Amino acid sequence: MKRDLTRLTDEAFDVVVVGGGIQGAWIAWDAALRGLRVALIEQDDFGAATSANSLRIVHGGLRYLARGDLRRMQVSIRERSALLRTAPTLVEPLAVLVPTEGLGTRSRPAFRAALAINDLLSRDRNRGLLPERHLPDGRVVSLEECRRRFPAFPASRATGGALWYDARVREPERLTLALVKAAAARGAVAANYCRAEGMLFARGAGAGVVASDGVSGGRLEIRGRRVVISAGPWTPALAGEDPAERPVAFALNLEVAGRLADAAVGVRSPSGPAVDPVIGGHRFIFLVPQDSTTLLGTWYAPWPAAGADPGALIRRGAEVLLAEFRTACPGLELEEADVVRTYWGLLPLKQGREPGRPGALADRDRVAGHRGAGGSDGMFSVEGVKFTTARGTAELAVDAVLASLRLSGRPCRTLTVRLDDGSSSRPEGMADQIRYAIREEMAVRLSDVILRRSSTGAPPGSAKAAVAAAARIAAGELGWSPARERAEIDDVLQRLAPFGPAPVPDA
């Protein structure tokens, strides 16, 4: 996969997809599979923004059971199975554990009944999956098993736990990249660091996008019969709406050193509405084990304004989230120095576009056509709200594009076609990985290589020496000056250690 902007300007496309996060990547893959000529552009790197800010849980929708929303629950079950089936090297089963308490809705009998209904509604969940990707039935477990799985399990009021199985995306960035590469292998033309600046029009209808090259600074016109904007918080502005009328929420997850549990553990936050205005207080917070670290999340806050500096929110959110976990799980001794990486993104709010409190997180994915006003016929906007359901939302978007082009008989195939994560062709050594990322995977910056295309950035690989060694190789490939090389190193180190290096213990 090469970054070739000449192809973007020389070819005519059926659809131009703006936004290379997980949602746009699924749209590009689906459209390419259905035989459309696809262009995909992303203003940063693929999957570098909100798509990377994930607890990596693929939810089967058990929480919807309590609301009686069986349709959404079944959609989530279907999408979880689809990811386990089509991306088995990137998505794997994940045990999830929450405390049981008292005699009400959180009691052992209540959870036993809920898990039985969940298993019944998802009885086909393992169809077509590799045996090692099968999800076992849920069960109620003893307090002793809870403590074995998570030594700091909050046991003061717990009578045990409810254990069920969802799935985990090992590396969300690699899943996004796998989708982009799969689309490119089917003929799509993709480019990162290519920012959409506005629409092209012909006879009063949309006919493509005007974009700027973030590498050379040049301007380009990309022609397409249809345009799909899937750019996260930037979607409203590109679709012609006033961003000030579409406030968003800031979402923060933390990665801390050490694998603290062998199951994802959910506990209730002690914070009330004053501290937690987006969710409304006492939300579930989750601790999710990775290979050698643990993810903690999620903390939410209103995003102050377009162009705001996230630094202050990251520090405040980290302080609050760590304190919430210490209170909810008294056995955890987590401090700021334990944080090895932070992840943040921006999420849409309800804001009158769906039922519920306007300042709460949006629950519904949206696919909208834009017609008439401003001559924007031929443009669609897509706003996804969950990593789990991005594939299904992409299917709806491509269905809409095909209907507008009067192309029938092209069914979606992303439920069954397996993705290649590229592991078989990726070199093992660090130096070779870096060169491969630049030559074959469109890495442009050092952060692209370390954070999204190699194992170099996986803690404890965040040491300055490892980053500097990677930068020397990248500089040779990309022709960086010494000043550019130093700037790239500083940028990556700041991302990997947002609160500064961990203190050196006394001898």
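What you are looking at is a predicted structure, and each value in this text was computed from that prediction instead of being measured.

Scoring rules and cut-offs
Residues numbered from 1 in each chain as written. Predicted model: local features only at pLDDT ≥ 70, side-chain atom pairs only at ≥ 80, totals over all residues. Heavy atoms only, no water. Patch = residues over 30% accessible without salt bridge, like charges linked within 9 Å, V, L, I, M, F, W, Y side chains within 5 Å. Areas by Shrake-Rupley, 256 points an atom, 1.4 Å probe, with all protein chains shown as cover. Salt bridge = Lys/Arg side-chain N within 4 Å of Asp/Glu carboxyl O. Lys, Arg positive; Asp, Glu negative; His and termini not counted. Charge placed at Lys NZ, Arg CZ, Asp CG, Glu CD. Helix = DSSP H or I, 4+ residues; strand = E, 2+ residues; numbered from the N terminus. Disulfide = S-S within 2.5 Å. Buried < 20%, exposed > 50% of the residue type's maximum accessible area, 1.4 Å probe, protein only.

Q: Explain a negative patch on the surface residue by residue, including any values.
A: A contiguous patch of negative charge, built from Glu319, Glu333, Glu335 and Glu336, is present on the exposed surface. Mapped onto the elements of the fold, Glu336 is located in the loop between helix 9 (311–328) and strand 15 (339–348).

Q: Go over the pattern of salt bridges with me, naming the residues and quoting the values.
A: Inspection of the entire model under this criterion finds 51 salt bridges. In this structure, Glu101 engages Arg106 in a salt bridge whose closest nitrogen and oxygen atoms are separated by 3.8 Å. Where Asp491 meets Arg445, a salt bridge forms, and the shortest distance between an N and an O atom there is 3.8 Å. Note that Asp491 is positioned in helix 14 (residues 482–496) and Arg445 in the loop between helix 11 (430–440) and helix 12 (446–452), a separation of 46 residues in sequence. It is possible to trace a salt-bridge network through shared partners that takes in Arg67, Arg72, Lys350, Glu354, Asp363 and Lys386.

Q: Tell me what's going on with the state of the cysteines, and back it up with residues and numbers.
A: Enumeration over the complete set of coordinates arrives at zero disulfides. Counting only cysteine sulfurs, Cys329 is the nearest neighbor of Cys146, a cysteine outside any disulfide, at a range of 12 Å. With a relative accessible area of 0%, Cys146 lands in the buried category.

Q: Can you break down unusual backbone geometry residue by residue, with the values?
A: Following Gly297, the chain continues into Thr298 via a peptide bond in cis, with omega recorded as 5 degrees. Among the structural elements, Thr298 can be located in strand 14 (residues 293–302). We note that Met442 has phi near 65 degrees; this positive angle belongs to a residue other than glycine. Owing to a relative accessible area of 3%, Met442 belongs among the buried residues under this scheme.

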